[in-house]
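An overview of the molecular structure
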Amino acid sequence: MPEQPPYEPEGAVAGTGTGGAMDLAASEARSLEPTADDPRGKPRGLWSDAWRDLRRNPVFLASGLVILFLVVISLRPSLIASGNPLACDLAKAQQGSQPGHPFGYDGQGCDVYTRTVYGARTSVTVGVLATLGVAVLGSVLGGLAGFVGGVWDAVLSRVTDVFFAIPVVLGGLVLLSVVTSDTVWPVIGFMVLLGWPQVSRIARSSAITAKQNDYVQAARALGASSSRLLLRHIAPNAVAPVIVVSTIALGTYISLEATLSYLGVGLKPPTVSWGIDISAASPYIRDAPHMLLWPAGALAITVLAFIMLGDAVRDALDPKLR
């Protein structure tokens, strides 16, 4: 008979699940101990649970693939469009689909397919940079207001009320109409200027809720400094709502850039943008609808993909929805 391992009483007691305990044989007791290869022995946190749920969510997978494709063609549009978006031939203006030019030509004789592909770079760049700026500025100001409180909180709350009272499109018409730059930075700066109050409100509420938790109070009682409390205990547990809102807002900022460009105060030619192409194609919607449908369809799919991604992330990070 093979030798049995020595019996260890302290390792041979297991909980019954009702508050009691029962004795087990030595081999049975050892089988209950978690091993390095047993994933059940590793405690899961909010982020690991969220990632597990996201991998099983078809909405997240579908929207993630669309966004991944948009990012790839934004970085290397020449992978699927070898032409020049600024190369035009007036002799082919408003012509429909042709071999090698599946989307036809616009009013200036430019290839609609090439301009639609290159327009993704502008829209994704504006959306991502504006979202990062809004998330960072709003999180810092709102988190500090919720953590510090007092006068700082009161002043920031009144300032955000003022910004909430400004209509976004009207503000863009007023502020961007005096800008002569043809780069994307004025549009990004405008979005950050009017977008941070929403994230600030959410970050403030999350910080107020997090600082009332028992582990924060315990760390404070043990002498933790304010910076340690904010960076190590409050910020990691208050960032989830900011991520959700920022993900959904990214699609909104892409749509806002197209709206401002359509109105003539956003991006300006020769920049290639879906909003510019939609604006140029609007007068010809009856005679050449393909000029409008392709950039408008690309814009709609992009915005929908980011909104669906934000909804999936929200469902995964909200414990109440599980």
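Scroll up a little and you will see the structure.
Predicted model only: the values in this text are computed from it and were never measured. (Residues numbered from 1 in each chain as written. Predicted model: local features only at pLDDT ≥ 70, side-chain atom pairs only at ≥ 80, totals over all residues. Heavy atoms only, no water.)

To continue, consider the overall build of the protein chain. Looking only at helices and strands, one finds 11 helices and two strands in the protein chain. Of the regular secondary structure in the protein chain, the N- to C-terminal order runs β-β-α-α-α-α-α-α-α-α-α-α-α. A buried classification covers 39% of the 322 residues belonging to the protein chain. For the protein chain, contacts bridging at least 24 residues in sequence account for 66% of all contacts bridging at least 6. (Helix = DSSP H or I, 4+ residues; strand = E, 2+ residues; numbered from the N terminus. Buried < 20%, exposed > 50% of the residue type's maximum accessible area, 1.4 Å probe, protein only. Contact = heavy atoms within 4.5 Å.)

Contact geometry of helix α6 (residues 168-176) with helix α7 (residues 185-211) gives a least axis separation of 11 Å together with a crossing angle of 135°. In terms of their interaxial angle, α6 and α7 are classed as oblique. Viewed along their axes, α6 and α7 form a crossing whose handedness is right-handed. Where α6 abuts α7, its residues V168, G171, G172, L175 and L176 lie against P186, V187, F190, L193 and L194. (Axes fitted to C-alpha atoms, helices over the stretch in contact; angles between N-to-C directions. Parallel < 35°, antiparallel > 145°, perpendicular 65-115°, else oblique. Left-handed = near helix turned anticlockwise from the far one by under 90°.)

With that settled, consider the packing of aromatic side chains. If you walk through the whole model with that rule in mind, you get four aromatic pairs. Consider the rings of W51 and F60, whose centres lie 6.2 Å apart with planes at 90°: the pair is edge-to-face. According to the relative accessible area criterion, W51 is partly exposed, its value standing at 46%. Residues F103 and W294 carry aromatic rings whose centres are separated by 3.8 Å and whose planes lie at 5° to one another, so their mutual orientation is stacked. Residue F103 is found in the loop between α3 (58-75) and α4 (112-148), and its partner W294 is found in helix α11 (residues 290-317); the two are separated by 191 residues along the sequence. Look at W294 and you get partly exposed, because its relative accessible area is 38%. Put simply, the rings of F103, Y113 and W294 pair up and form one aromatic cluster. (Phe/Tyr/Trp six-rings, centres within 6.5 Å; stacked < 30°, edge-to-face > 60°.)

Counting 29 residues, the largest nonpolar core has I254, L299 and L317 as its most contacted members. For this core, the secondary-structure elements that each account for two or more residues are α2 (46-55), α3, α4, α9 (226-263), α10 (274-281) and α11. At 12 residues, α11 tops the list of elements feeding residues into this core. Leaving out residues up to four positions away in the same chain, L299 has contacts with I254, S255, A258, W274 and I278. Counting residues in each nonpolar core, the second largest holds 21 residues, with V134, V184, F190 and M191 among its members. (Core = buried A, V, L, I, M, F, W, Y, C linked by side-chain atoms within 4.5 Å.)

Under the counting rule described, the total for this entry stands at one disulfide. The side chain of C88 participates in a disulfide bridge whose partner is C110; the two sulfur atoms lie 1.6 Å from each other. Disulfide C88-C110: the torsion about the S-S bond is 60°, which places it as right-handed. Note that C88 is positioned in the loop between α3 and α4 and C110 in the loop between α3 and α4, a separation of 22 residues in sequence. (Disulfide = S-S within 2.5 Å.)

This paragraph deals with the pattern of salt bridges. Considering all chains together, one arrives at seven salt bridges under this definition. The residue D161 makes a salt bridge to R158 at a minimum N-O spacing of 3.0 Å. Taken as a pair, D161 and R158 lie in helix α5 (residues 150-164) at a separation of three residues, close to a single helical turn. Classification of D161 as partly exposed rests on a relative accessible area of 32%. Of the charged contacts in the structure, one is a salt bridge between D315 and R314, with a shortest N-O distance of 3.3 Å. With relative accessibility at 37%, the residue R314 sits in the partly exposed group. Each of R158, D161 and R201 takes part in a single network of salt bridges with overlapping partners. (Salt bridge = Lys/Arg side-chain N within 4 Å of Asp/Glu carboxyl O.)

Residues V168, V169, L170, L173, V174, L175, L193, Y262 and L263 make up a contiguous nonpolar surface patch of about 720 Å² in total accessible area. Of all the secondary-structure elements, those providing two or more residues to the nonpolar patch are α6 and α9. Looking at the secondary structure, you find V169 in helix α6. V169 gets classed as partly exposed once you look at its relative accessible area, which sits at 34%. (Patch = residues over 30% accessible without salt bridge, like charges linked within 9 Å, V, L, I, M, F, W, Y side chains within 5 Å. Areas by Shrake-Rupley, 256 points an atom, 1.4 Å probe, with all protein chains shown as cover.)

Right, let's talk about the side chain of T131 for a bit. Turning to its location among the elements, T131 is positioned in helix α4. Looking at T131, the relative accessible area reads 9%, which means it is buried.

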